[in-house]
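So the chains spell out like this:
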Amino acid sequence: MANLPVNKAAHPFDKARFEAVLNRRFFYAPAFEIYGGVAGLYDYGPPGSSLQSNIISEWRKHFIVEEHMLEVDTTIMTPAPVFETSGHVARFADWMVKDLKNGEVLRADHLVKNVLEARLAGDKEARGLAAQPVKEDDKKKKKKDKAKPTAVKLSDEQVVEYETILAQLDNYSGPELGELCKKYNIRNPDTDNEVSEPVQFNLMFASSIGPTGQHPGFLRPETAQGHFLNFSRLLEFNNGRVPFASAQIGRSFRNEISPRAGLLRVREFTMAEIEHYVDPEDKKHERFAEVRDVELDLLDRDTQAAGSTKLTRMKIGDAVDKGIVANETLGYFLARIHQFLIKIGINPTRLRFRQHMGNEMAHYATDCWDAEIQNSYGWTECVGCADRAAYDLTVHMAKTGHPLVVRQALKEPIITEKLVAEFNKKNFGKTFGKDSAVIQTIIGGMDEALLAKLQGELAQGSATITSSDGREFKLTPDLLTIEKKTFKQSVREFTPNVIEPSFGLGRILYVLLEHSFWSREQDVERGVLSLPAVVAPTKVLIVPLSAKAEFDPLVREVSSKLRKAGIFSRVDDSNTSIGKRYARNDELGTPYGLTLDFASVQNRTMTLRERDTTGQLIGEIDEVIAAVTELVNGTIDWAEACRRLPAYDGVQAVE
């Protein structure tokens, strides 16, 4: 009885009911709500803060600890020259359109997506494929974040056309999005007004540093530049060796055009970013063999370009071998991202890795894949994993003159022979005077073949070279000689390439909550968040059956022992029924409950309840604490706990 199967799909996902739970339990809420709020800004309540903290803690273990990464914490406020150099001032922008009558601003690609998806949904409804009545809760909602589907049948050709556009939507430029709006009569769905031509809008928040306003700056839109500017120090800390990775968790800011999707599109958010520095000539990963057989659902750029969103399930080793994923290091991180997301509770059947198409590729990237997670808003990018090549280090080095390079001692020196021109400075200066520098520049720019040709001509007595302005200069052996010389190279100098996994933690938190939510088969009003213990805000609920003083010592003892075991617990001693107390904490995602009843006082026994099955076990207090500690730490599962402890029959063993 304690380990019965649970039907979590008995009721379809109900977004209104789900959002009511999040609101009622204060996972998060609009910031400045009593002042009317500001779109795209949210505050996390106690369970939301704990959930985010636990996701971050697991991220640290999974990446920083297991991969021996170097953690940094760099500033949010950044001088303008940094982002001018990185390209963000020129390119970090989205395309927006304006409602021509009321001036409302909309993000162009989202407008096209929402309108075409609504038309496709209306076509299905008209064909009787997906007719869904509007729920009362949905009618009452004021928030308009999507175009409303209208039951209008499209031609088969139109359906294919719309699906093809949606499959490659991220590849359209701004002007192309404008053409789509005109061609398909795409209007503001809230007003049915026409929209303007798309224009670019830079997403960075501008500011100034200091009292005079003479030092412009920006709030960072990502943490990455803080890593790159400290590369020399990080390299020195790592004893001058690559590969190595730096990691950072911190706030970033983007002035989103029209944030309408809750935590999925916000203006202030927490990121976790990794910059893995690697030799451009060797992008293998020493631990790739450990993940080679991890299977991922891939959506490559060629499939998207053909107008399809069909996924290919493939081992990451095969994807790298076939060149679908650019290199082992990129492939290794895709597999590790997949493992992390599954570990914290993301549904693997709703997770895919989509390759960026040519037009949407970030200005620095040579290859990029997004971990996209399906939710009620569609497929949402939650992690980006890009091969940034050497772009960032190269541009910052060129701007500042600071060498952001690796100097690597070679195991065996490289011996090379090259032709070298040696000038007789005394004779050369007398002969050519102020033109000497021009001639030396011409000869200095010659490759091996031209130097060999010049050497042969000098051996015949003389040679003639021509400057860019057409002047000819006659050279003789007394002015210069060209000889082969041997060079020995003991140190190789190179700018490393960077592989960057970048995590949007707020997005991951939201889709995790969606994936975890379901309603009891017997009672649709009893919602449950099946959060894994590793990230659940509270791990164990302690429920004393009575408020009598005789229970107090036991409550203190159990709380103390859990605290010493490192288990975060909460006591619910409210005067509501035990069933309501458990139901309340099922909505908070608390995986385990400990009930102290009158038998606990007499016999020192305690019951252990599991959230999803509601099954209960019973045992001596220390036995139960040992079991729940192992359950929370993941060293045993509920089935093993059922083998260790007897099922509780619901009767208190009291005299």
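Residues numbered from 1 in each chain as written. Predicted model: local features only at pLDDT ≥ 70, side-chain atom pairs only at ≥ 80, totals over all residues. Heavy atoms only, no water.

1. Considering the overall build of the protein chain
No. 1: Of regular secondary structure, the protein chain possesses 24 helices and 28 strands.
No. 2: Judged by the C-alpha coordinates and their principal axes, the protein chain covers about 120 × 60 × 55 Å.
No. 3: Put simply, the protein chain has 655 residues, and 48% of those count as buried.
No. 4: Carbon together with sulfur atoms contributes 51% to the accessible area of the protein chain, which is approximately 32,300 Å² in total. (Helix = DSSP H or I, 4+ residues; strand = E, 2+ residues; numbered from the N terminus. Buried < 20%, exposed > 50% of the residue type's maximum accessible area, 1.4 Å probe, protein only. Areas by Shrake-Rupley, 256 points an atom, 1.4 Å probe, with all protein chains shown as cover.)

2. Concerning a nonpolar patch on the surface
No. 1: A surface patch of nonpolar side chains, amounting to about 560 Å² of accessible area, comprises Phe32, Ile34, Tyr35 and Val38.
No. 2: Inspection of the secondary structure assignment puts Ile34 in the loop between strand 1 (28–30) and strand 2 (42–44). (Patch = residues over 30% accessible without salt bridge, like charges linked within 9 Å, V, L, I, M, F, W, Y side chains within 5 Å. Salt bridge = Lys/Arg side-chain N within 4 Å of Asp/Glu carboxyl O.)

3. Details of the sheet that holds strand 27 (residues 605–610)
No. 1: Taken in spatial order, the 5 strands of this open sheet run 25-24-26-27-28, and their pairing is mixed. Strands with a single pairing partner mark the edges of an open sheet, and in this sheet they are strand 25 (569–571) and strand 28 (616–620). Taking each pair of neighbouring strands and ignoring which way they run, the sheet shows an average axis angle of 25°. (Pairing = 2+ DSSP bridges. Axes fitted to C-alpha atoms, helices over the stretch in contact; angles between N-to-C directions.)

4. Overview of the domain arrangement of the protein chain
No. 1: You can read the domains of the protein chain as domain 1 (13–85 + 204–326 + 382–394 + 497–508), domain 2 (93–202), domain 3 (412–493) and domain 4 (538–654).
No. 2: Using C-alpha coordinates to define each centre, domain 2 is positioned 66 Å away from domain 3. (Domains from an automatic or database assignment.)

5. Details of the sheet that holds strand 7 (residues 199–202)
No. 1: Strand order in the open sheet formed by 3 strands is 6-5-7, with antiparallel pairing between adjacent strands. The strands lining the two open edges of the sheet, one partner per strand, are strand 6 (105–107) and strand 7. In this sheet, neighbouring strand axes are inclined to one another by 50° on average, regardless of whether the strands run parallel or antiparallel.
No. 2: When strand 5 (residues 93–98) meets strand 6, the two strands line up antiparallel, connected through 3 bridges. Across the sheet, residue Lys98 finds its bridge partner in strand 6, namely Val105.
No. 3: Most of the contacts of helix 5 (residues 108–126) go to strand 6, to which it runs at about 75°, and overall it touches strand 5 and strand 6. (Contact = heavy atoms within 4.5 Å.)

6. Details of the confidence of the model for the protein chain
No. 1: Scored by pLDDT, the protein chain comes out at a mean of 91, with 96% of its residues at no less than 70.
No. 2: Note on residues 131–145: pLDDT is under 50 here. Beyond four places in sequence and across chains, it has 15 contacts. (pLDDT = per-residue confidence, 0-100.)

7. A look at the packing of aromatic side chains
No. 1: Here the structure, examined in full by the defined rule, presents 22 aromatic pairs.
No. 2: Judged by centre distance (5.0 Å) and plane angle (75°), the ring pair of Phe423 and Phe428 falls under edge-to-face.
No. 3: Note on Phe428: relative accessible area 1%, which makes it buried.
No. 4: By the ring-pair criterion, three or more aromatic residues cluster together here, those being Phe13, Phe18, Tyr377, Tyr510 and Phe517.
No. 5: A cation over an aromatic ring shows up here: Lys15 above the ring of Tyr377, its NZ or CZ 3.4 Å from the ring centre.
No. 6: Between Arg609 and the ring centre of Tyr582, over which it is positioned, the NZ or CZ distance is 4.3 Å. (Phe/Tyr/Trp six-rings, centres within 6.5 Å; stacked < 30°, edge-to-face > 60°. Lys NZ or Arg CZ within 6 Å of the ring centre and 35° of its normal.)

8. Things to note about the pattern of salt bridges
Once the charged atoms of two side chains with opposite charge are near each other, the side chains can pair.
No. 1: As enumerated under the stated definition, the model contains 56 salt bridges in all.
No. 2: For the salt bridge of Glu66 with Arg336, the shortest nitrogen-to-oxygen distance reads 2.9 Å. Note that Glu66 is positioned in the loop between helix 2 (46–65) and strand 3 (70–71) and Arg336 in helix 14 (residues 328–343), a separation of 270 residues in sequence.
No. 3: The partner of Arg388 in a salt bridge is Asp392, with the nearest N and O atoms 2.9 Å apart. For the pair shown, Arg388 and Asp392 are each scored as buried.
No. 4: Residues joined by salt bridges that share partners form a network here, namely Glu66, Glu67, Arg287, Glu290 and Arg336.

9. Examining helix 18 (residues 448–459)
No. 1: Counted at 1.5 Å a residue, the expected span for helix 18 with its 12 residues is 16 Å, and the 17 Å between its end C-alpha atoms agrees.
No. 2: Of all the positions in helix 18, only Leu451, Leu454 and Leu458 are classed as buried. Mapping the buried residues of helix 18 onto a view down its axis gives an arc of 60°, with all of them on the same face. Exposed and oriented more than 90 degrees from the buried face of helix 18 are Ala449, Lys453 and Ala459.
No. 3: At its buried positions, helix 18 is contacted by strand 17 (406–423), helix 17 (436–444), strand 18 (463–466), strand 19 (472–475) and strand 20 (480–494).
No. 4: Capping the start of helix 18 is the job of one residue whose side-chain oxygen sits 3.3 Å from the backbone nitrogen of Ala449: Asp447.
No. 5: A positive phi of about 125° marks Gly461, the residue just after helix 18. (Expected span 1.5 Å × (residues − 1). Arc of directions from axis to C-beta. Polar contact = N/O pair within 3.5 Å; in protein donor to acceptor, adjacent residues only side chain to side chain.)

10. Description of the environment of Val105
No. 1: Along the polypeptide, Val105 turns up in strand 6.
No. 2: When its relative accessible area of 26% is taken as the criterion, Val105 is described as partly exposed.
No. 3: The contact partners of Val105, leaving out residues within four places of it in the chain, are Met96, Val97, Lys98, Ile257 and Ser258.

11. Looking at the pairing of strand 18
No. 1: Covered by surrounding structure in strand 18 are Ala463 and Ile465 only, the residues Thr464 and Thr466 on the alternate face being uncovered.
No. 2: The hairpin turn running from strand 18 into strand 19, its antiparallel successor, is 5 residues long, and Gly470 in that turn takes a positive phi close to 95°.

12. Observations regarding the side chain of His227
No. 1: When you line up the elements, His227 lands in helix 9 (residues 224–229).
No. 2: Among the polar contacts made by the side chain of His227, one reaches the side chain of Ser246 at a distance of 2.7 Å.
No. 3: Excluding anything up to four places from it in sequence, His227 contacts Val72, Leu234, Ser246, Ala247, Gln248, Glu273, Glu275 and Tyr277.

13. Things to note about the environment of Gln225
No. 1: Its place among the elements puts Gln225 in helix 9.
No. 2: The exposure class of Gln225 is buried, given its relative accessible area of 2%.
No. 3: The spatial distance from the C-alpha of Gln225 to the C-alpha of Glu157 is 47 Å, given a sequence separation of 68 residues.
No. 4: Ignoring sequence-local partners within four residues, the contact set of Gln225 consists of Val82, Phe83, Ser86, His88, Arg388, Asp392 and His396.

14. Some details on the nonpolar core
No. 1: In this structure, Trp59, Leu341 and Phe503 are the most contacted members of the largest nonpolar core, which totals 65 residues.
No. 2: No other element matches helix 14, which puts 8 residues into this core.
No. 3: Dropping the residues within four chain positions of it, Trp59 is found in contact with Ile64, Ala247, Ile249, Ala272, Glu273, Ile274, Phe340 and Phe503. (Core = buried A, V, L, I, M, F, W, Y, C linked by side-chain atoms within 4.5 Å.)

15. Side note on the packing of helix 20 (residues 552–564) against helix 23 (residues 621–633)
Two quantities define a packed helix pair, namely the angle between the axes and the distance from one axis to the other.
No. 1: The geometry of helix 20 relative to helix 23 is characterised by a closest axis approach of 11 Å and an angle of 35° between their N-to-C directions. Here the hand of the crossing between helix 20 and helix 23 comes out right-handed. Of the residues in helix 23, those in contact with Leu554, Glu557, Val558, Lys561 and Leu562 of helix 20 are Ile621, Asp622, Ile625 and Val628.
No. 2: Tallied by class, the residues present in the contact of helix 20 with helix 23 amount to 6 nonpolar, no polar and 3 charged. (Left-handed = near helix turned anticlockwise from the far one by under 90°. Nonpolar A, V, L, I, M, F, W, Y, C, P; charged D, E, K, R; others polar.)

16. Section: unusual backbone geometry
No. 1: Of the consecutive residues Val242 and Pro243, the connecting peptide bond is found in the cis state with omega at 5°.
No. 2: In this fold, Pro243 is placed in the loop between helix 10 (231–237) and strand 10 (244–253).
No. 3: Phi angles above zero are rare outside glycine, and Phe26 is one such case at about 50°.
No. 4: Turning to its location among the elements, Phe26 is positioned in the loop between helix 1 (15–24) and strand 1.
No. 5: Backbone geometry places His68, a non-glycine residue, at a positive phi of 55°.
No. 6: Along the chain, the position of His68 falls in the loop between helix 2 and strand 3.

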